[in-house]
Amino acid sequence: MDLWEQRLFEMIKRGQKDRIKYLNDLHKSIIPSHVRRIQQNDKTVLKELVLPPWLNWDLLYEWSQQRRIMENARECILCNELSEHGMEFKEKFICENCFLKLKNLK
């Protein structure tokens, strides 16, 4: 479990549904250029954003990294999981884990 998932789990455990909803809708209120700057760890972007006091830089950075993964991820045709790494086979995407499983079936 990565840091982003741990933080979401803590919020769920504490019953902070409003914060989870805010984070899920955050991409609607931050323009893509600001997201790229956050992903590059440019803290000057905080001066240009209006954020709630509970949303610190670490959580914002983790959100942007998770967003980057989701943008680059594709769905595997075998396991239906999202993955960034894998290969194309006959115009279909196979994730790295499924490819290694198939390769070791010999």
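Keep in mind the model is a prediction, meaning the values are calculated, not measured.

## Thoughts on the overall build of the protein
Logical step 1: Summing up its helical and strand segments, the protein has six helices and four strands in all.
Logical step 2: Helices and strands in the protein line up, N terminus first, as α-α-α-α-α-β-β-β-β-α.
Logical step 3: For 106 residues, the compact-globule estimate of 2.2 N^0.38 gives 13 Å, and the protein exceeds it by more than 25% at 17 Å.
Logical step 4: A principal-axis box enclosing the C-alpha atoms of the protein has dimensions of 55 × 35 × 20 Å.
Logical step 5: Scored against the burial criterion, the 106 residues of the protein give a buried share of 29%.
Logical step 6: If you take every contact in the protein between residues at least 6 apart in sequence, the share linking residues at least 24 apart comes to 35%.
Logical step 7: For the protein, the exposed surface amounts to about 8,000 Å²; the carbon and sulfur share of it is 51%.
Logical step 8: Taken together, the 19 basic and 16 acidic charged side chains of the protein have centroids lying 1 Å from each other.

## Focus on the pattern of salt bridges
Logical step 1: A complete count under the given rule lists five salt bridges for this structure.
Logical step 2: For Arg37, the salt bridge is made with Asp42, and the minimal N-O distance between the two is 3.1 Å.
Logical step 3: You can call Asp42 partly exposed: its relative accessible area is 26%.
Logical step 4: Across the pair Arg74 and Glu88 runs a salt bridge, and its minimum N-O distance is 2.4 Å. Residue Arg74 is located in strand β1 (residues 74-75), and its partner Glu88 is located in strand β3 (residues 86-89); the two are separated by 14 residues in the primary sequence.
Logical step 5: By sharing partners, the salt bridges in this structure join Lys21, Asp25 and Lys28 into a single network.

## Describing the packing of aromatic side chains
Logical step 1: Under the criterion given, the structure shown has two aromatic pairs.
Logical step 2: Measuring from centroid to centroid gives 5.8 Å for Tyr22 and Trp54, while their planes differ by 75°, and the two rings are edge-to-face. Placement of Tyr22 in helix α2 (residues 17-24) and of Trp54 in the loop between α4 (32-39) and α5 (57-72) is noted, with a sequence separation of 32 residues between them.
Logical step 3: Judged by relative accessible area, Tyr22 falls into the partly exposed class, the value being 29%.
Logical step 4: Judged by its relative accessible area of 24%, Trp54 is partly exposed.

Each value, and the rule that gives it
- Residues numbered from 1 in each chain as written.
- Predicted model: local features only at pLDDT ≥ 70, side-chain atom pairs only at ≥ 80, totals over all residues.
- Heavy atoms only, no water.
- Helix = DSSP H or I, 4+ residues; strand = E, 2+ residues; numbered from the N terminus.
- Rg over C-alpha atoms; globule rule 2.2 N^0.38 Å.
- Buried < 20%, exposed > 50% of the residue type's maximum accessible area, 1.4 Å probe, protein only.
- Contact = heavy atoms within 4.5 Å.
- Areas by Shrake-Rupley, 256 points an atom, 1.4 Å probe, with all protein chains shown as cover.
- Lys, Arg positive; Asp, Glu negative; His and termini not counted.
- Charge placed at Lys NZ, Arg CZ, Asp CG, Glu CD.
- Salt bridge = Lys/Arg side-chain N within 4 Å of Asp/Glu carboxyl O.
- Phe/Tyr/Trp six-rings, centres within 6.5 Å; stacked < 30°, edge-to-face > 60°.

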